[in-house]
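Spelled out from the first residue to the last, the chains are:
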Amino acid sequence: SSDSLLIKSITLQNLVSRVTKYRDKGFDFWKEPDPNRTYIVGSDVAEGVEGDFSTIEVFELETMEQVAEFRNNTINETQLYNAIKYVVSKILTYTDSRGKKPRVYWSFENNSAGASISTLYYNDEQFPEEAELVSGKEERTGFRTVNKYKLEACRNLKNLVEKVKGIVINSSQLIIELK
């Protein structure tokens, strides 16, 4: 299966499971954002019924290192949206001596529960304009993840892990999820 191929391609070097540097508003941070880097913020939206976790993963694009993670299995969509907004805003507060800010690209799974994230975003006049929302199709915000696209995403992640030997996953929970 694509799952077993993915795990075989992740080396022990990638699976470091580092100790959290600090915790802030439900996020575990392993590294401070750098104003001269680009960050990817992705969210998997669960239904908040304690069976599945809603997550937010933050990676530094240039190093492919996991910077932060949020996991919660009781949160509702509005709370998750606020957590996304919080971490995007937090990343954008880091500036260098010239006032340069990091670049931030973000997205979310737009299946049943995730559709409300889209509505919250479009009705929010305070979401940081500097952050760019990435979507799979123009007519839909976020990414719809049906089985066909999940398999494709797994293949793409596997290829990324194989080609980018320096990818660093700091979260033991994310390692477990990938397995």
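All values derive from a computational prediction rather than experimental measurement.

Visitor: What is the right way to read the confidence of the model for the chain from this model?
Guide: In low-pLDDT segments, the atomic positions of the prediction should not be examined closely. Here the chain averages 84 in pLDDT, while 87% of its residues score no lower than 70. In this model residues 1-15 is a low-confidence stretch, pLDDT under 50, and it forms 25 contacts with partners more than four residues away in sequence or in other chains.

Visitor: Looking at this model, I keep getting lost on the sheet that holds strand E6 (residues 103-108). Mind explaining?
Guide: Each strand in a sheet pairs with its neighbour through backbone hydrogen bonds, running either in the same direction (parallel) or in the opposite one (antiparallel). Within the open sheet, the seven strands sit side by side as E1-E2-E5-E4-E3-E6-E7. Their pairing is mixed. The sheet terminates laterally at strand E1 (22-24) and strand E7 (132-133), the two strands that pair on one side only. Summarising the sheet, E6 and E7 pair through two bridges and their orientation is parallel. Among the inter-strand pairings, Trp106 is bridged to a residue of E7, identified as Leu133.

Visitor: Honestly, the packing of aromatic side chains in this entry has me stumped. Any pointers?
Guide: Two descriptors summarise a pair of aromatic rings, namely the distance from one centre to the other and the angle between the planes of the rings. The tally for this structure, following the rule as stated, stands at ten aromatic pairs. A ring pair is formed by Phe27 and Tyr86, whose centres lie 6.1 Å apart and whose planes are at 40°; its orientation type is tilted. Taken as a pair, Phe27 in strand E2 (residues 27-29) and Tyr86 in helix H2 (residues 77-92) lie far apart in primary sequence, 59 residues in all. Over the ring of Phe53 we find Arg71, and its NZ or CZ is 4.0 Å from the ring centre. The side chain of Lys90 reaches across the aromatic face of Phe29, ending 5.2 Å from its centre.

Visitor: I tried to follow unusual backbone geometry on my own but got confused; where do I start?
Guide: Leave glycine aside and you will find that most residues have negative phi; peptide bonds, for their part, are mostly trans. For Lys25, which is not glycine, the phi dihedral falls at a positive 50°. Following the sequence through the fold, Lys25 ends up in the loop between E1 and E2. Residues other than glycine seldom take positive phi values, yet Met64 does so here, at roughly 55°. Tracing the backbone through its elements, the reader meets Met64 in the loop between strand E4 (54-60) and strand E5 (65-72). You can call Met64 buried: its relative accessible area is 10%.

What counts, and where the lines are drawn
Residues numbered from 1 in each chain as written. Predicted model: local features only at pLDDT ≥ 70, side-chain atom pairs only at ≥ 80, totals over all residues. Heavy atoms only, no water. pLDDT = per-residue confidence, 0-100. Contact = heavy atoms within 4.5 Å. Pairing = 2+ DSSP bridges. Helix = DSSP H or I, 4+ residues; strand = E, 2+ residues; numbered from the N terminus. Phe/Tyr/Trp six-rings, centres within 6.5 Å; stacked < 30°, edge-to-face > 60°. Lys NZ or Arg CZ within 6 Å of the ring centre and 35° of its normal. Buried < 20%, exposed > 50% of the residue type's maximum accessible area, 1.4 Å probe, protein only.

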